[in-house]
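Results of the structural survey
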Amino acid sequence: MRLRNIKGSKEVIAASPYVVQNPEDYKGKWSELFHNNHPLHIEIGMGKGQFIHTLASENPDINYIGIEMYSSVLYRALEKQTAEEKPNLYFLRFDAKYLADIFAEHEVDRIYLNFSDPWPKDRHAKRRLTSPDFMKVYDQVLCGDGTVEFKTDNQGLFAYSLEAIPEAGWRIDAFTEDLHHSPMAEGNVMTEYEMKFSAMGNPICKLIASR
């Protein structure tokens, strides 16, 4: 994915009240940030934020954290939040492989992975967000009945994920290779990429995994 640098985006992110600048300080006590004990859902690689912003709007009794590494992309998500503030939504500019540094054991109830970078070369497999290495990280922070929900239009990445996730000791609770024409479509919230790819005729794949 080619990213356009947005001048001043890092400064805007650093000054935004919607971006948690010191997430390690909240480990084990994210409820203090939200001032409630509602379930905590996180999206890793949230892009421009359409998906998580919609969820936050539809589910005020759930707390959401959107995680994004790229400043120019996070900046776009901030535009949505600034225009229509959701009190149950905050953002992090953070690398997901260090989740256990900022979330305590069993602190997260659900993890969303949407249209992640497929890292198609075999030597980069460990960077895939559904790799056994990342599943181990999720295992450290998810509650006992917590789930990971993954969507992609990349058939190769999905096939890899169907094998890699069970190899990591997880089970696939449900999956489909054509989300929009399956029972799993009920209640589906579309991401920007999902809208784009489905309009092109690309089938969307989805799985739900738990331990």
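Throughout, residues of each chain are indexed from 1 in the direction in which the sequence is written. A pLDDT threshold of at least 70 governs which residues receive local features in this predicted model, and a stricter bar of 80 or more applies before side-chain atom pairs are shown or counted, although totals over entire chains, interfaces and linings include all residues. Neither water nor hydrogens contribute to the side-chain values; these are computed over all heavy atoms in the structure.

Taken together, seven strands build an open sheet; the order of strands is 3-2-1-4-5-7-6 and the sheet is mixed. Every other strand in the sheet has two partners, leaving strand 3 (89-93) and strand 6 (171-176) as the edge strands with one partner each. When the angles between neighbouring strand axes are averaged without regard to direction, this sheet yields 20°. Bridging between strand 6 and strand 7 (residues 205-210) involves five bridges; their strand directions are antiparallel. Note on strand 7: the bridge partner recorded for Ala-174 is Ile-208. The contact criterion used is simple: two residues touch if any of their non-hydrogen atoms lie within 4.5 Å. Working convention: axes come from line fits to C-alpha atoms, limited for helices to the stretch in contact. Angles between N-to-C directions cover 0 to 180 degrees. Strands are runs of DSSP state E lasting at least 2 residues, helices are runs of H or I lasting at least 4, and numbering of each runs from the N terminus. Along the sheet face, helix 4 (residues 71-83) touches strand 2 (63-68) and strand 3 and points at about 165° away from the line of strand 3. The pairing criterion is simple: DSSP has to find at least two bridges between the two strands.

The next point concerns the nonpolar core. Counting residues in each nonpolar core, the largest one holds 35 residues, and the members touching the most others are Ile-42, Ile-44, Leu-99, Phe-103, Ile-111 and Tyr-138. If one sorts the elements of this core by residue count, helix 5 (residues 132-141) sits on top with five residues. The residues touching Ile-111, leaving out its near neighbours within four places in the chain, are Ile-42, Ile-44, Tyr-138, Val-141, Leu-142, Thr-147, Val-148 and Glu-149. Buried Ala, Val, Leu, Ile, Met, Phe, Trp, Tyr and Cys residues that are joined via side-chain atoms within 4.5 Å together make up what is termed a nonpolar core. A 1.4 Å probe rolled over the protein chains alone gives each residue an accessible area, and that area as a share of the maximum for its type sets the label: buried under 20%, exposed over 50%, partly exposed in between. Grouped together as the second largest cluster of nonpolar side chains are 17 residues, Ile-52, Leu-74, Ala-77 and Phe-91 included.

In this section: the environment of Glu-194. Here Glu-194 is to be found in helix 7 (residues 192-199). Judged by relative accessible area, Glu-194 falls into the buried class, the value being 0%. Sequence separation of Glu-194 and Asp-153 is 41 residues, and the distance between their C-alpha atoms is 7.8 Å. If near-sequence neighbours (up to four positions away) are discounted, Glu-194 is found in contact with Phe-115, Lys-151, Leu-179, His-180, Asn-188, Val-189 and Ile-204. Polar contacts involving the side chain of Glu-194 include one to the side chain of His-180, which spans 2.7 Å. The term polar contact refers here to a pair of N or O atoms within 3.5 Å; inside protein, the definition further demands a hydrogen-donor-capable atom paired with an acceptor-capable atom, and it admits residues adjacent in sequence only when both atoms are side-chain atoms.

The next point concerns the environment of Lys-29. Along the chain, Lys-29 turns up in the loop between helix 1 (9-15) and helix 2 (30-34). Note on Lys-29: relative accessible area 36%, which makes it partly exposed.

Right, let's get into the pattern of salt bridges. Salt bridges are defined by distance alone: a side-chain nitrogen of Lys or Arg within 4 Å of a carboxyl oxygen of Asp or Glu. Inspection of the entire model under this criterion finds eight salt bridges. Measuring nitrogen to oxygen at the nearest pair gives 3.5 Å for the salt bridge that ties Lys-80 to Glu-192. With Lys-80 in helix 4 and Glu-192 in helix 7, this pair connects stretches of sequence that are 112 residues apart. Its relative accessible area of 25% is what places Glu-192 among the partly exposed residues. Note that Glu-149 and Lys-206 form a salt bridge whose closest N and O atoms lie 3.3 Å from each other. One end of the pair, Glu-149, is in strand 5 (residues 142-152); the other, Lys-206, is in strand 7, and 57 residues separate them in sequence. Taken as a pair, Glu-149 and Lys-206 share a single burial class, namely buried. Residues joined by salt bridges that share partners form a network here, namely Arg-110, Glu-149 and Lys-206.

Looking now at helix 4. Along its 13 residues, helix 4 runs 18 Å from first to last C-alpha, staying within 8% of the 18 Å computed at 1.5 Å per residue. Those residues of helix 4 that sit buried are Ser-71, Ser-72, Val-73, Leu-74, Tyr-75, Ala-77, Leu-78 and Gln-81. For helix 4, the elements touching its buried residues are helix 1, helix 3 (50-58), strand 2 and strand 3. How far a helix is expected to stretch is found by multiplying one less than its residue total by 1.5 Å.

What follows is about the environment of His-106. Relative to the helices and strands, His-106 resides in the loop between strand 3 and strand 4 (108-114). Residue classification places His-106 among the partly exposed positions, given a relative accessible area of 45%. In this structure the C-alpha to C-alpha distance between His-106 and Asp-133, which are 27 residues apart in sequence, comes to 18 Å. Residues contacting His-106, with those up to four places away along its chain left out, are Gln-140, Val-141, Leu-142, Cys-143 and Gly-144. One polar contact links the side chain of His-106 to the main-chain carbonyl oxygen of Leu-142, over a distance of 3.2 Å.

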